[in-house]
Amino acid sequence: MALDPNTETEIRRRQKSRAIVTALLLGAFVVLVYAISIAKMVK
Amino acid sequence: MASAPIASNLPAEWRDFWALTKPRVMTLVVFTGLCGLLIAPGHIHPVLGFTAILCIALGAGAAAALNQWYEADLDSKMKRTANRPLPAGRMDRQSALHFGVGLSALSVILMGFAVNLLAAAILTVSILFYVLIYTVWLKRRTPQNIVIGGAAGAFPALIGWAAVTGRIDVLPVLLFLMVFLWTPPHFWALSLFVNSDYAAAGVPMMSVVAGTKATRLQAFLYSWPMAAVAIAPWPLGLTGPIYGVSAIVLNVTFLALAARVGFSRESDPALMKAERRLFGYSILYLFATFGVLVVDKLWFA
């Protein structure tokens, strides 16, 4: 069953905003794990 | 668990996942956890301290998400909670479950990896306590739900302390007990003026099951041991006079407001000023007590 164009646009918009937030959080997580590793080595 | 509202076919917005973590409740949890960390003797690397607080926040958010996953049917019956992502149909329940479980695992593993195993263990217990003991077991079964469930919100200060010291001492246990004993008067004050909401949802809150008179009295009575535990660190020599004097003022005010609630006969929720005042003050009280404790510790350090 085909979605109407408005619904499809809305789905894509939501998927895109979720993907951006997920990417930012993953990036922050990588930085955090790096910082934790450095802190543990210093300790 | 009864049937939950049907979600729309659209994927949930990221903001709905954020809302699922109950950010406002998280503020209090993060604050008490941070205070537990700041007052603990010893030193923790700032990055590891930040990670400990982040894990407490993630764990609290995860527990809130799992709570809403399980209670979507209840939330849809109460005005106060009907607009949450699940009852409003903005998210499907499976997404909430996956989010909650994933976030729980992440918070505990990260705490164990970055901080220490004791802090990770207490964090695990606090999440499981909130989800299994409070949400699944107690909330729909007994008017004592808030009394026992209050322990879940009392863990963060203990976790913060354990993150620095790797052990549990008398002071964080007293803080745990204070939050534990603070929870009944705080929530019962709320339940008095949103009584119809809880009754409509069939939640056996004290005010629904035992009536407002018994609830008022119990809220007042619980305030006494709470005040005793809150003031105790000073005579026990665990804090200085800044905390001691402030704790006395804060607790005397709490008792005065709780007495007004205890002896009030108001039955119209719209006119329950004393109950609203106690509820609002109880939040300020917790922030102030922990804040003053940190000031006292830093001052006399």
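Chains are numbered independently. Their residues run from 1 in the order of the written sequence. All chains are assigned letters beginning at A, and all ligands numbers beginning at 1, according to the order in which they are written. Totals for whole chains, interfaces and linings use all residues, but because this is a predicted model, local features are given only for residues with pLDDT of at least 70 and pairs of side-chain atoms are given and counted only at 80 or more. The basis for every side-chain value is the complete set of heavy atoms in the structure, and neither hydrogens nor water enter the calculation.

Looking at an unreviewed UniProt entry, chain B carries the name Protoheme IX farnesyltransferase, with the source organism given as Sphingomonas chungangi. As recorded by UniProt, the Pathway (unreviewed entry) comment attached to chain B reads in full: "Porphyrin-containing compound metabolism; heme O biosynthesis; heme O from protoheme: step 1/1." Word for word, the UniProt comment on chain B under Subcellular location (unreviewed entry) is "Cell membrane". UniProt positions are given in the numbering used here, feature names are shortened, and annotations may be inferred rather than shown by experiment.

### Quick word on the nonpolar core
Residues and elements named next belong to chain B. Counting 86 residues, the largest nonpolar core has Met111, Ile159, Met178, Trp182, Phe254, Tyr285 and Phe290 as its most contacted members. Shared between two domains, this core takes at least three residues from each, and those domains are domain 1 (13–167) and domain 2 (169–301). Discounting chain neighbours no more than four positions away, the residues touching Phe254 are Trp182, Pro185, Ser223, Met226, Leu278, Tyr281, Ser282 and Tyr285. Ala12, Phe17, Ala65 and Ala72 belong to the second-largest nonpolar core, a separate cluster that totals eight residues. Side-chain atoms within 4.5 Å are what join buried Ala, Val, Leu, Ile, Met, Phe, Trp, Tyr and Cys residues into a set we call a nonpolar core. Burial classes: relative accessible area under 20% of the type maximum marks a residue as buried, over 50% as exposed, and values in between as partly exposed (1.4 Å probe, protein chains only). Segmentation into domains, and thus their bounds, comes from an automatic or database assignment. Any pair of residues with heavy atoms lying within 4.5 Å of one another is described as a contacting pair.

### Observations concerning the interface of chain A and chain B
Contact residues are listed per partner, giving 17 residues for chain A and 17 residues for chain B. Two parts placed together each lose some accessible area under a 1.4 Å probe, and adding up what both lose gives the buried area. Here chain A packs against chain B, burying approximately 1,600 Å² in sum over the two surfaces, 73% of which is carbon and sulfur. Each salt bridge in this description consists of a side-chain nitrogen of Lys or Arg and a carboxyl oxygen of Asp or Glu lying within 4 Å of one another. Seen at the junction of chain A and chain B, the total is two salt bridges. Pairs of N or O atoms are called polar contacts if they sit within 3.5 Å, as long as, within protein, a hydrogen donor faces a hydrogen acceptor (for residues adjacent in sequence, only side-chain-to-side-chain pairs). Summed over the shared surface of chain A and chain B, the result is four residue pairs in polar contact (both at pLDDT 80 or more). Here the nonpolar group is Ala, Val, Leu, Ile, Met, Phe, Trp, Tyr, Cys and Pro; Asp, Glu, Lys and Arg are the charged ones; every other residue, Gly included, is treated as polar. Residue classes in the side of chain A that touches chain B are distributed as eight nonpolar, three polar and six charged.

### Examining the domain arrangement of chain B
Residue and element names in this part refer to chain B. Annotation of chain B at the domain level lists domain 1 (13–167) and domain 2 (169–301). Inter-centroid distance (C-alpha atoms) of domain 1 to domain 2 is 21 Å. Counting residues at the interface gives 31 residues for domain 1 and 31 residues for domain 2. In total, domain 1 and domain 2 occlude about 2,900 Å² of area from one another, counting both sides; carbon and sulfur atoms represent 78% of this. In this assembly, domain 1 and domain 2 are joined by one salt bridge. With a shortest N-O distance of 3.1 Å, Arg167 and Asp169 are connected by a salt bridge. Elements are defined by DSSP. Helices are runs of H or I of four residues or more, strands are runs of E of two residues or more, and each kind is numbered from the N terminus. Looking at the side of domain 1 that touches domain 2, the elements that each hand over two or more residues are helix H2 (23–39) and helix H7 (145–165). Taken together, the residues of the side of domain 1 that touches domain 2 break down into 17 nonpolar, seven polar and seven charged.

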